[in-house]
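Close look at the chain arrangement
Listed below are the residues making up each chain.
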Amino acid sequence: MNYTSLVASKTTAGSIKHWINHAEVDVEQILEEAQALLFQTLRVREMRSSFADLTMAIGDSTKALPTGFLDPIVLRDITNTQRLSLKTEENLVNRRVYTSGVLELGTPQCWAVFDELIQFECRWDAVATLKMIGFKQPTLLSSGNLTNFLTTRYPHILRTACMAMAHNFRNSDEREQKELTKLAAYIGKANAESELSYRGLALDI
């Protein structure tokens, strides 16, 4: 399975058009939407990633989310050797202290995500470098990226997502729902199996 075979003609085995037995569907759009659907809830080992280091300048209180960011695992201040605590938006805002309307300087201990930014409870009073580990969306399948872990490890999940979106394209609600039900079960099993990679984990006490 690869991008080329997925978007091929109806007569090509392994193509979306072949699976749905219909030649007049927008397979590129279907494949894009299928991947977007998967990455809403799929969280497997291959998606755990170390993002590029984040450099904080004096006075910064926010930072753009890294490209491909889906969910956080840990954010660490490697300059001050400390882990930053993830908080809710309300909790973080309640921790902010202002003087004459200006957010105070300090060394942040907490963070939250809103406005599509990493937000801190105060402005950085010194330059710092942060390291984030989190779940990252892989590069989508395209003519320039023929395969990814979906095509090699989870072809059944990708095929089911494509079928669901193809039936959606054709306004076949019943068949779409049938595929979505199967997809939810496949994703749930894949997510659970991904947790097995933590077997033998040594926990900090």
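First, a word on scope: everything that follows refers to the structure included in this document. Not measured: the values here are computed from a predicted model.

A few points about the overall build of the protein chain
The helix and strand tally for the protein chain stands at 7 helices and 12 strands. Its C-alpha atoms give the protein chain a radius of gyration of 22 Å, more than 25% over the compact-globule value 17 Å for 205 residues. The principal-axis extents of the C-alpha atoms in the protein chain amount to approximately 65 × 45 × 30 Å. Of all 205 residues assigned to the protein chain, the portion counted as buried reaches 38%. Of all intrachain contacts in the protein chain linking residues separated by at least 6 positions in sequence, the fraction that spans at least 24 positions is 67%. With the model as given, the accessible surface of the protein chain reaches about 11300 Å², and the carbon-plus-sulfur share is 49%. Counting 22 positive and 24 negative side-chain charges, the protein chain places the centres of these two groups 7 Å from one another.

Points about helix α7 (residues 173-194)
Its 22 residues place the ends of α7 31 Å apart at the C-alpha level, agreeing with the 32 Å of an ideal helix rising 1.5 Å per residue. All of the buried residues in α7 are Glu 176, Glu 179, Leu 183, Ile 187, Ala 190, Asn 191 and Ser 194. All buried residues of α7 project into a common sector of 105° when viewed along the axis, lining one side. Every exposed residue of α7 that faces more than 90 degrees away from the buried side is listed here: Glu 174, Lys 178, Thr 181, Ala 184 and Lys 189. Buried residues along α7 sit in contact with α3 (27-41), β1 (48-50) and α6 (155-169).

Section: the environment of Pro 138
Residue position: Pro 138 is located in the loop between β12 (128-136) and α5 (149-152). Residues contacting Pro 138, with those up to four places away along its chain left out, are Phe 39 and Phe 149.

So, the side chain of Asn 145
By the element assignment, Asn 145 lies in the loop between β12 and α5. A polar atom in the side chain of Asn 145 sits 3.2 Å from the backbone oxygen of Leu 140.

Some thoughts on a nonpolar patch on the surface
A contiguous nonpolar patch, built from Ile 58, Leu 105 and Val 127 and spanning about 300 Å² of accessible area, is present on the exposed surface. Secondary-structure assignment places Leu 105 in strand β8 (residues 105-106).

Describing unusual backbone geometry
The phi torsion at Glu 116 lies on the positive side, around 55°, for a residue other than glycine. Considering the arrangement of structural elements, one finds Glu 116 in the loop between β9 (110-114) and β10 (117-120). When its relative accessible area of 62% is taken as the criterion, Glu 116 is described as exposed. A positive phi angle, near 60°, is found at Asn 171, a position not held by glycine. Considering the arrangement of structural elements, one finds Asn 171 in the loop between α6 and α7.

What about the packing of aromatic side chains?
A full pass over the atoms with the stated rule returns 3 aromatic pairs. An angle of 45° between the planes, with centres 6.3 Å apart, marks the rings of Phe 51 and Phe 69 as tilted. Of this pair, Phe 51 sits in the loop between β1 and β2 (54-56) while Phe 69 sits in strand β4 (residues 69-77), and the two are 18 residues apart along the sequence. Note on Phe 149 and Tyr 154: the rings are 6.2 Å apart at their centroids and 85° apart in plane angle, and the pair reads as edge-to-face. Judged on exposure class, the residue Phe 149 and its partner Tyr 154 are both buried.

As for α6
Taking 1.5 Å as the rise per residue, α6 with 15 residues should run 21 Å; its terminal C-alpha atoms sit 21 Å apart, in good agreement. Along α6, the residues classified as buried are Ile 157, Leu 158, Thr 160, Ala 161, Cys 162, Met 163, Ala 164, Met 165, Ala 166 and His 167. Tucked inside the fold, the buried residues of α6 contact α1 (3-6), α2 (16-20), α3, α5 and α7. Following α6 by one or two positions, Asn 171 has its phi on the positive side, about 60°.

Here's the deal with the packing of α6 against α7
Axis separation between α6 and α7 bottoms out at 8 Å; the angle between their running directions is 155°. Taken together, the axes of α6 and α7 are roughly antiparallel relative to one another. Crossing hand, α6 versus α7: left-handed. Residues His 156, Ile 157, Thr 160, Ala 161, Met 163, Ala 164, Met 165, His 167 and Asn 168 of α6 touch α7, and the partners they reach there are Arg 175, Glu 176, Glu 179, Leu 180, Lys 182, Leu 183, Tyr 186, Ile 187 and Ala 190. Looking at the contact of α6 with α7 residue by residue, the class counts come to 10 nonpolar, 4 polar and 4 charged.

What counts and how
- Residues numbered from 1 in each chain as written.
- Predicted model: local features only at pLDDT ≥ 70, side-chain atom pairs only at ≥ 80, totals over all residues.
- Heavy atoms only, no water.
- Helix = DSSP H or I, 4+ residues; strand = E, 2+ residues; numbered from the N terminus.
- Rg over C-alpha atoms; globule rule 2.2 N^0.38 Å.
- Buried < 20%, exposed > 50% of the residue type's maximum accessible area, 1.4 Å probe, protein only.
- Contact = heavy atoms within 4.5 Å.
- Areas by Shrake-Rupley, 256 points an atom, 1.4 Å probe, with all protein chains shown as cover.
- Lys, Arg positive; Asp, Glu negative; His and termini not counted.
- Charge placed at Lys NZ, Arg CZ, Asp CG, Glu CD.
- Expected span 1.5 Å × (residues − 1).
- Arc of directions from axis to C-beta.
- Polar contact = N/O pair within 3.5 Å; in protein donor to acceptor, adjacent residues only side chain to side chain.
- Patch = residues over 30% accessible without salt bridge, like charges linked within 9 Å, V, L, I, M, F, W, Y side chains within 5 Å.
- Salt bridge = Lys/Arg side-chain N within 4 Å of Asp/Glu carboxyl O.
- Phe/Tyr/Trp six-rings, centres within 6.5 Å; stacked < 30°, edge-to-face > 60°.
- Axes fitted to C-alpha atoms, helices over the stretch in contact; angles between N-to-C directions.
- Parallel < 35°, antiparallel > 145°, perpendicular 65-115°, else oblique.
- Left-handed = near helix turned anticlockwise from the far one by under 90°.
- Nonpolar A, V, L, I, M, F, W, Y, C, P; charged D, E, K, R; others polar.

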